[in-house]
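Chains, contacts and geometry: an overview
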Amino acid sequence: MKKMDPAKAEAYFKYRTTMICIYLAIGFLASYVIVFFARDLSSITVLGIPFHYYMGSQGAVLTFIILLFVNAVMSDKIDKKFGFDPEFVDTNTHTEDH
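All figures in this text were calculated on a predicted structure; none of them were measured in a lab.

Our next topic: helix α3 (residues 51–81). Taking 1.5 Å per residue, 31 residues should reach 45 Å; α3 reaches only 38 Å between its end C-alpha atoms and comes up short. Within α3, burial applies to Phe51, Tyr54, Met55, Gly59, Ala60, Leu67, Ser75, Ile78 and Asp79. Buried residues in α3 make contact with α1 (6–36), α2 (38–41), β1 (45–46) and β2 (49–50). Backbone geometry just after α3 places Gly83 at a positive phi near 90°.

Here it is in structure tokens:
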């Protein structure tokens, strides 16, 4: 496997860490903040169900599934931006257990 420039590697991991923090913040919002404001959000309906109940029963799960797909797409874009391709990894290198 090729060595990566330390500055480029630091920028890559900083970008990835920022994205993970954003995903965690969205997950926190979908899980806890909606519950915290349930009384205020009960006037909003989604598919005929109060919003806070919908988020607790289905919305949070859908949010996490969407985040998984967004993370996969964004990871591919970030990897391409920093030069990581499937050809970048040498698959001919074998390690033996000692």
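A rise of 1.5 Å per residue sets the reference length of α1, with its 31 residues, at 45 Å; its end C-alpha atoms lie 43 Å apart and thus fit the reference within 8%. Its axis deflected by about 35° at Leu29, α1 carries its strongest bend there. Those residues of α1 not exposed but buried are Ala9, Tyr12, Arg16, Met19, Tyr23, Gly27, Ala30 and Ile34. Taken together, the buried residues of α1 touch α2 and α3.

By the secondary structure assignment, Asp79 is in helix α3. The side chain of Asp79 is buried and forms no salt bridge, while Arg16, the nearest opposite charge, is found at 4.2 Å. Polar side-chain contacts of Asp79 include one of 2.8 Å to the side chain of Tyr12. Those residues within four positions of Asp79 in sequence are excluded, and the remaining contacts are Tyr12, Arg16 and Phe84.

Bringing the confidence of the model for the protein chain into the picture now. Looking at the protein chain, pLDDT values average 83 and 84% of them are 70 or higher. Looking at the elements of the protein chain, mean pLDDT is at its lowest for α2, recorded as 83, and at its highest for α1, recorded as 90.

Tracing the backbone through its elements, the reader meets Arg16 in helix α1. Judged by its relative accessible area of 18%, Arg16 falls in the buried class. Each C-alpha atom, one on Arg16 and one on Asp79, is 9.7 Å from the other, the two residues being 63 residues apart in sequence. Sequence-distant contacts of Arg16, that is, excluding residues within four places in its chain, are made with Asn71, Ser75, Ile78 and Asp79. Polar side-chain contacts of Arg16 include one of 3.3 Å to the side chain of Ser75.

To continue, consider the packing of α1 against α3. It is at 9 Å that the axes of α1 and α3 come closest, and there the two elements cross at 175°. In terms of axis orientation, α1 runs roughly antiparallel to α3. Partitioned by chemical class, the residues of the contact of α1 with α3 number 15 nonpolar, six polar and three charged.

Reading the values: the criteria
- Residues numbered from 1 in each chain as written.
- Predicted model: local features only at pLDDT ≥ 70, side-chain atom pairs only at ≥ 80, totals over all residues.
- Heavy atoms only, no water.
- Helix = DSSP H or I, 4+ residues; strand = E, 2+ residues; numbered from the N terminus.
- Expected span 1.5 Å × (residues − 1).
- Buried < 20%, exposed > 50% of the residue type's maximum accessible area, 1.4 Å probe, protein only.
- Contact = heavy atoms within 4.5 Å.
- Bend = angle between axes of the 7 residues up to and from the residue.
- Lys, Arg positive; Asp, Glu negative; His and termini not counted.
- Salt bridge = Lys/Arg side-chain N within 4 Å of Asp/Glu carboxyl O.
- Polar contact = N/O pair within 3.5 Å; in protein donor to acceptor, adjacent residues only side chain to side chain.
- pLDDT = per-residue confidence, 0-100.
- Axes fitted to C-alpha atoms, helices over the stretch in contact; angles between N-to-C directions.
- Parallel < 35°, antiparallel > 145°, perpendicular 65-115°, else oblique.
- Nonpolar A, V, L, I, M, F, W, Y, C, P; charged D, E, K, R; others polar.

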